[in-house]
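The lines below spell out each chain.
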Amino acid sequence: MLARQILQSSGINAEYGGSSAAFGVSVSDAANMLPLLLIVSVLSPALVQATDSYGLIQFPGVVYVKPGDTFTLSCLSDYGGAVKIFLPEEYVPPHEVFMDLASRLDQPSQKTIYAIEIENASVTDAGTYTCVVHHGPGITPAYTMATSTINVVDLCEGVVCDEATYETCTSNYETGAAECGCEMECDPMNFDPVCSDTCEQQWSPCAMRERTCLDKIPRNVLSTGFCPTITEPTTRTLNNDGSMDITIIEGEQITLASGLVTDGVPAAEVKWRLFSETGELIELADAGRYSYEFTPVISGMYEATLTHCRNTQKAVVNRYQVTVEPAQGEPTTTPTPTTTPYIDPDNIEVLEGANYVCSIYPAGVVETFSASADPYDMACSHVLASDVFNGGDYTNPWFIYGTFDKMDGETSLASMTIHIGANGFEIKRGWSVNVGFGENPVMELVEGGKQSIGESGCTAVVAYLHLVIDCPAFTIHYDGIFAGHILLKGSGPTTQAFVKQSGHFGLCFDSNFGFRTNWQVGETDGRCSLDESFSSCSEEMDSVCDLYIGTPPVLPDAQLPWDTTGSGAVTACHELNCGAPAPDLSLAMCSMEQAWWYGYLLKFQEPADALILEDVQVCASHDLCEWVAMVVKRGCPQKNPPIPAQCM
């Protein structure tokens, strides 16, 4: 606390020290009253306004101060003789001492303002300050005392505002109150019109946020510029009350109509949900806009909600109470865990051609579409694959970025970000899909249930221990913890070696990085700094990796070396076991083994779809449910992770 005390009086030149009096006491007497001595910095004998009336004393009862601010605490009196403000840590003498001092005070009373100024206030400056005013001869009472409680506090600390409606905390240090409000300060000269998804024209994104803050109605930008001509959708309501009861036999397929007839402008939002008999709420992201065709396995209320321009008051809701009864004569059974031995390459029926597959292994190893493999120093985000001239359409490019971190001391694929045209989403460790918008940014995936991912044209499904993202130009297969694969569509199966095109770039194509080391993007400093001295392991191959050596070509007429697979597994195994390996390699080695066989099947089986990769199993060191539990535990938290039925 840096405090200085200031005296302003009407026509009084109060000098302290030397031969002058302190509180009207001689210098010799003051020496016996050291607790009352006051060192005063007199700025100037500035005159106070004679018209101001302070009475015997004015001293604020409670004061609120923001940490770091400078504040002035003033004690005022119409009859000020000697004045002192005691700091919280200073001793305040008893009544008898002040009365004794008053009996010896011969300084006339005058209108006085006495203050202390505290700079860069902190919590150590908080407390009770005491002002004592001796009024001089002939005035009763002889002195007046008042206290002021100083609170040095951030009034907004602990105040929770609604970020979804852009509220911010505002504090009033005059009253000591804080509240959530709308302090946008939008520039009225910034004309940047947008149309909100509530079908309202806003003159700027800031103005849209301000209106959302004021009326608490959530809004997103529907389009930039001016709103289109709004057209109401055509809808229908079930049986006039929006409900219907349906009973089916297990295994039967049904089609439920949402009630949407024509879309309207902008297109109406259609949301399907299932309220199961057990009370669970399931978002049905794979349901269609106009109808939902599926084979129910769960009884419950299937609900379709049609909303236009976010107008919930005019929403159309159709509900189907679906009861699934078991087939006659067929007892219900509970699935039991099963295990399948490792794949024997001699027993796999392969194609006469192969698919173009890029595999990302533990330890930062990438096996390219041409089957060559190299280890890289991976730090944060890198371009794995992209096509800026997607099918000759430069307006709809796609990009796949990989974000890497350390898992059990080894480089691992933590997430993959996919951009297709103007749409983007992220898949993350633990088999989760983050779409980054709406009320539920993380999709609720169910093991084996395929769902659409927004307007990207892609679907997501968790099956056979992998999160599978199926897009028009490619398919991604992610084991949810360490490794992943990218399969290009439209070219395989073929016997022709992969040829890189002008629109292709990323680690999956080759090691020509241009000006970007290891095709790194985004942040490159601090934890994202690359090791310039990084090099692959130069030690002799460890015997533990012998399993992966000598995988024969399966396409005798193809162009070597691309018609083989497994070079990435060999390199990854070598890197993982090089030198002094990490204390626990079990997860990394298990992921590598799965990635080897999974990549093999993707490249040489038809069709190349994870839903038919029934031979894929966990490695020898982990059983199925143990592996699933570790992937879910290490991944992003999900309310209902997509766990296989036999592991629930």
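Because the structure is a prediction, the values reported are computed rather than measured.

Once that is clear, we can look at helix H4 (residues 567-576). An α-helical turn contains 3.6 residues, so any two residues separated by three or four positions project in the same direction. Buried residues dominate H4, accounting for 9 of its 10 residues. Three or more residues of H4 are buried, namely Gly-568, Ala-569, Val-570, Thr-571, Ala-572, Cys-573, His-574, Glu-575 and Leu-576.

With that settled, the discussion passes to unusual backbone geometry. The residue after Thr-140, namely Pro-141, is reached through a cis peptide bond having omega 0 degrees. Considering the arrangement of structural elements, one finds Pro-141 in the loop between strand S6 (127-134) and strand S7 (143-152). Across the junction of Val-265 and Pro-266, the peptide omega takes the value -10 degrees, indicating a cis bond. Inspection of the secondary structure puts Pro-266 in the loop between strand S16 (260-262) and strand S17 (269-276). A positive phi angle, close to 55 degrees, is found at Glu-185, a residue other than glycine. Note on placement: Glu-185 falls in the loop between strand S9 (177-181) and strand S10 (194-196). Positive phi is not limited to glycine here, since Cys-309 has a value of about 55 degrees. Inspection of the secondary structure puts Cys-309 in the loop between strand S20 (300-307) and strand S21 (316-325).

Read from one edge of the open sheet, 4 strands run S2-S7-S6-S4, paired in mixed fashion. Where the open sheet ends on each side, the last strands, each with one partner, are strand S2 (62-65) and strand S4 (82-86). When strand polarity is set aside, the average angle formed by the axes of neighbouring strands in this sheet is 20 degrees. The sheet contact formed by S2 and S7 spans 4 bridges and is parallel. Bridge pairing in S7 links Val-65 to Val-152.

Ranked by internal contacts, the top residues of the largest apolar core, which has 78 residues, are Phe-369, Ile-427, Val-433, Ile-469, Phe-474 and Ile-486. Ranked by residue count, the leading element in this core is helix H5 (residues 586-604), at 10 residues. Within the second largest apolar cluster, 22 residues are counted, among which are Leu-238, Leu-256, Tyr-302 and Val-324.

This part is about the state of the cysteines. Using the criterion set out here, one finds 11 disulfides in the structure. Across the disulfide, Cys-156 is cross-linked to Cys-169 (sulfur-sulfur distance 2.0 Å). Looking down the S-S bond of the Cys-156 and Cys-169 bridge, the torsion is -90 degrees, so its handedness is left-handed. In this pair, Cys-156 sits in the loop between S7 and strand S8 (168-172) while Cys-169 sits in strand S8, placing the two residues 13 residues apart along the sequence. Here Cys-458 engages in a disulfide with Cys-471; their sulfurs sit 2.1 Å apart. In this structure the cystine formed by Cys-458 and Cys-471 twists about its S-S bond by roughly 115 degrees; its chirality is therefore right-handed. Of this pair, Cys-458 sits in strand S31 (residues 458-463) while Cys-471 sits in the loop between strand S32 (466-470) and strand S33 (474-478), placing them 13 residues apart in sequence.

This next bit is on the pattern of salt bridges. This model, assessed by the stated rule, comprises 17 salt bridges. Of the charged contacts in the structure, one is a salt bridge between Arg-310 and Asp-197, with a shortest N-O distance of 2.8 Å. Taken together, the residues Arg-310 in the loop between S20 and S21 and Asp-197 in the loop between S10 and strand S11 (201-202) connect sequence positions 113 residues apart. Taking relative accessible area as the criterion, Asp-197 reaches 17% and is therefore assigned buried.

A few words on the sheet that holds S21. Paired through their backbone hydrogen bonds, the strands of a sheet run either parallel or antiparallel. Taken in spatial order, the 5 strands of this open sheet run S14-S21-S20-S17-S18, and their pairing is mixed. The sheet is open, and its two edges are formed by strand S14 (243-249) and strand S18 (281-283), each paired on a single side. This sheet shows a mean twist of 25 degrees between the axes of neighbouring strands, independent of strand direction. Sheet topology places S17 next to S20; 8 bridges connect them, and they run antiparallel. By the bridge assignment for S20, Lys-271 is matched with Thr-305.

Strand S5 (residues 110-119) sits mainly inside the fold: 9 of its 10 residues count as buried. In this sheet, S5 lies alongside strand S3 (residues 71-80) in antiparallel orientation, the contact comprising 8 bridges. Looking across to S5, one finds that Ser-77 is bridged to Thr-112.

On average, the protein scores 79 in pLDDT, and the residues at 70 or more come to 80%. Between the elements of the protein, mean pLDDT differs from a low of 34, seen in helix H1 (residues 27-31), to a high of 96, seen in S2. Here residues 330-347 is modelled with pLDDT under 50, and outside its nearest four sequence neighbours on either side it reaches 17 contacts, counting other chains as well. This stretch, residues 548-553, has a pLDDT under 50; its non-local contacts, to residues over four places away or in other chains, come to 14 contacts.

Another aspect to go through is the environment of Ala-177. Mapped onto the secondary structure, Ala-177 falls in strand S9. In this structure Ala-177 comes out as partly exposed when scored by relative accessible area, which is 39%. On a C-alpha basis, the gap between Ala-177 and Tyr-64 in space is 9.3 Å, while along the polypeptide they are 113 residues apart.

Right, let's talk about the side chain of Thr-212 for a bit. Positionally, Thr-212 belongs in helix H3 (residues 205-215). The buried category is assigned to Thr-212, whose relative accessible area is 1%. What Thr-212 contacts, discounting residues up to four positions off in sequence, is Ala-164, Thr-165, Tyr-166, Ile-217, Pro-218 and Arg-219.

A separate point is the packing of H5 against helix H6 (residues 624-634). Where H5 meets H6, the axes come as close as 12 Å, and the angle between the chain directions of the two elements is 110 degrees. Classed by the angle they form, the pair H5 and H6 counts as roughly perpendicular. When you trace H5 past H6, the crossing you get is left-handed. On H6, the residues that touch Leu-587, Cys-590, Ser-591 and Gln-594 of H5 are Trp-627, Met-630 and Arg-634. Each residue belonging to the contact of H5 with H6 can be placed in one class, and the counts come to 4 nonpolar, 2 polar and 1 charged.

Running from N to C, H4 and H5 point in directions that differ by 170 degrees, and their axes come no closer than 10 Å. By the angle between their axes, H4 is roughly antiparallel relative to H5. Residue-level contacts link Ala-569, Ala-572, Cys-573 and Leu-576 of H4 to Ala-588, Met-589, Met-592 and Trp-596 of H5. Among the residues making up the contact of H4 with H5, the classes are represented as 8 nonpolar, no polar and no charged.

Relative to the helices and strands, Gly-457 is located in the loop between strand S30 (451-453) and S31. The spacing of Gly-457 and Ala-473 is 16 residues in sequence and 9.9 Å in space, taken between C-alpha atoms. What Gly-457 contacts, discounting residues up to four positions off in sequence, is Asp-470, Cys-471 and Pro-472.

With that settled, the discussion passes to the packing of aromatic side chains. The final tally for this structure, using the stated rule, is 15 aromatic pairs. Taken together, a centroid distance of 4.0 Å and an interplanar angle of 10 degrees make the contact between Tyr-292 and Phe-294 stacked. Exposure remark for Tyr-292: the relative accessible area of 7% places this residue in the buried category. Look at Phe-369 and Phe-509: their rings are 5.2 Å apart centre to centre, the planes differ by 50 degrees, and that puts the pair in the tilted class. Of this pair, Phe-369 sits in the loop between strand S23 (365-367) and strand S24 (373-375) while Phe-509 is found in the loop between strand S34 (484-488) and strand S35 (520-521), placing the two residues 140 residues apart along the sequence. A relative accessible area of 6% means that Phe-509 is categorised as buried. Above the plane of the ring of Tyr-54 lies Lys-111, whose end atom (NZ or CZ) is 5.6 Å from the centre.

Parameters and conventions
- Each chain carries its own residue numbering, running from 1 in the written order of its sequence.
- In view of the model being predicted, local features appear only for residues whose pLDDT reaches at least 70, and side-chain atom pairs are presented and counted only at 80 or more, with totals across whole chains, interfaces and linings using the full set of residues.
- To obtain the side-chain values, all non-hydrogen atoms of the structure were included, while hydrogens and water were left out.
- Burial classes follow relative accessibility: with a 1.4 Å probe on protein chains only, a residue under 20% of its type's maximum area counts as buried, one over 50% as exposed, and anything between as partly exposed.
- Strands are runs of DSSP state E lasting at least 2 residues, helices are runs of H or I lasting at least 4, and numbering of each runs from the N terminus.
- Note on pairing: DSSP must find at least two bridges between two strands before they are called paired.
- In this description, a line fitted to the C-alpha atoms serves as the axis of each element, helices being fitted only across the stretch in contact, and the angle between N-to-C directions of two axes falls anywhere from 0 to 180 degrees.
- Among buried residues, those of type Ala, Val, Leu, Ile, Met, Phe, Trp, Tyr and Cys that are joined through side-chain atoms within 4.5 Å constitute a nonpolar core.
- The disulfide criterion used throughout: a pair of cysteine sulfur atoms within 2.5 Å.
- Any Lys or Arg side-chain nitrogen located within 4 Å of an Asp or Glu carboxyl oxygen qualifies as a salt bridge.
- Confidence of the predictor in every single residue is expressed as pLDDT, which spans 0 to 100.
- Here, residues are in contact when the closest pair of their heavy atoms is within 4.5 Å.
- Roughly parallel means an angle under 35 degrees; roughly antiparallel, over 145; roughly perpendicular, 65 to 115; everything else is oblique.
- Crossing handedness is defined as follows: a turn of the near helix away from the far one that is anticlockwise and smaller than a right angle gives a left-handed crossing, while the clockwise case is right-handed.
- Gly is placed with the polar residues, together with every amino acid not listed as nonpolar (Ala, Val, Leu, Ile, Met, Phe, Trp, Tyr, Cys and Pro) or charged (Asp, Glu, Lys and Arg).
- Paired rings are identified among Phe, Tyr and Trp, the last through its six-membered ring, by centres lying within 6.5 Å, and are further divided according to the angle between planes into stacked (under 30 degrees), edge-to-face (over 60) and tilted (the rest).
- A ring is scored as having a charge over it whenever the NZ atom of a lysine or the CZ atom of an arginine sits within 6 Å of its centre and within 35 degrees of its normal.

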